[in-house]
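Descriptive analysis of the structure
Chain residues, written in single-letter form:
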Amino acid sequence: MSSDDPERLERLEQAVGRLPLMTREIFLARRVDGLSYAEIAELTGLSERQVERQMARAIARLVRLVDDEPLRRWERLLPW
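Residues numbered from 1 in each chain as written. Predicted model: local features only at pLDDT ≥ 70, side-chain atom pairs only at ≥ 80, totals over all residues. Heavy atoms only, no water.

Let's shift gears to the overall build of the protein chain. Looking only at helices and strands, the protein chain has five helices and zero strands in total. When the elements of the protein chain are put in sequence order from the N terminus, they spell out α-α-α-α-α. Expressed as a percentage of the 80 residues in the protein chain, the buried residues total 29%. (Helix = DSSP H or I, 4+ residues; strand = E, 2+ residues; numbered from the N terminus. Buried < 20%, exposed > 50% of the residue type's maximum accessible area, 1.4 Å probe, protein only.)

Here it is as structure tokens:
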């Protein structure tokens, strides 16, 4: 996401705040703190697969809440 779109950045921040607590913590641990799925799984007591599912849910929800054109821009939120 470009930092030259403050309105979109604000929508993203609000959308992250609306995620369910566990999903938000997992999303932020991965995207902000740079933890691996294995590290997050260890910290949360979830399996790596459960962490992956939570990330997928977070990304899907954020795309719906933030992006004006989700079918064209969803890949920006993917970790790879």
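With that settled, consider the pattern of salt bridges. Across all of its chains, the model carries two salt bridges by this definition. Between Arg11 and Glu7 there is a salt bridge, with the nearest N and O atoms lying 3.1 Å from each other. Here the residue Arg11 and the residue Glu7 both occupy positions in helix α1 (residues 6–18), the gap between them amounting to four residues, near one helical turn. Since its relative accessible area comes to 22%, Arg11 is described here as partly exposed. Judged by its relative accessible area of 56%, Glu7 falls in the exposed class. A salt bridge links Arg49 to Glu52; the shortest N-O distance between them is 3.2 Å. With Arg49 and Glu52 both in helix α4 (residues 48–66) and three residues apart, this pair spans about one turn of that helix. (Salt bridge = Lys/Arg side-chain N within 4 Å of Asp/Glu carboxyl O.)

Turning to the nonpolar core, a few remarks are in order. Note that soluble globular proteins tend to have their nonpolar side chains buried in a common cluster. With 17 residues, the main nonpolar core has Phe27, Val51, Met55 and Leu62 as its most contacted residues. Looking at this core, the elements that each hand over two or more residues are α1, α2 (21–31), α3 (37–44) and α4. Broken down by element, the residue count for this core peaks at seven residues, all from α4. Residues contacting Val51, with those up to four places away along its chain left out, are Ile26, Tyr37, Ile40, Ala41, Thr44 and Leu46. (Core = buried A, V, L, I, M, F, W, Y, C linked by side-chain atoms within 4.5 Å. Contact = heavy atoms within 4.5 Å.)

What follows deals with the confidence of the model for the protein chain. Should pLDDT be low for a region, the predicted coordinates there are not to be read in detail. The share of residues in the protein chain with pLDDT of 70 or more is 79%, and the mean pLDDT across the chain is 84. Confidence, expressed as mean pLDDT per element, reaches its minimum in the protein chain at helix α5 (residues 70–73) with 53 and its maximum at α3 with 97. (pLDDT = per-residue confidence, 0-100.)

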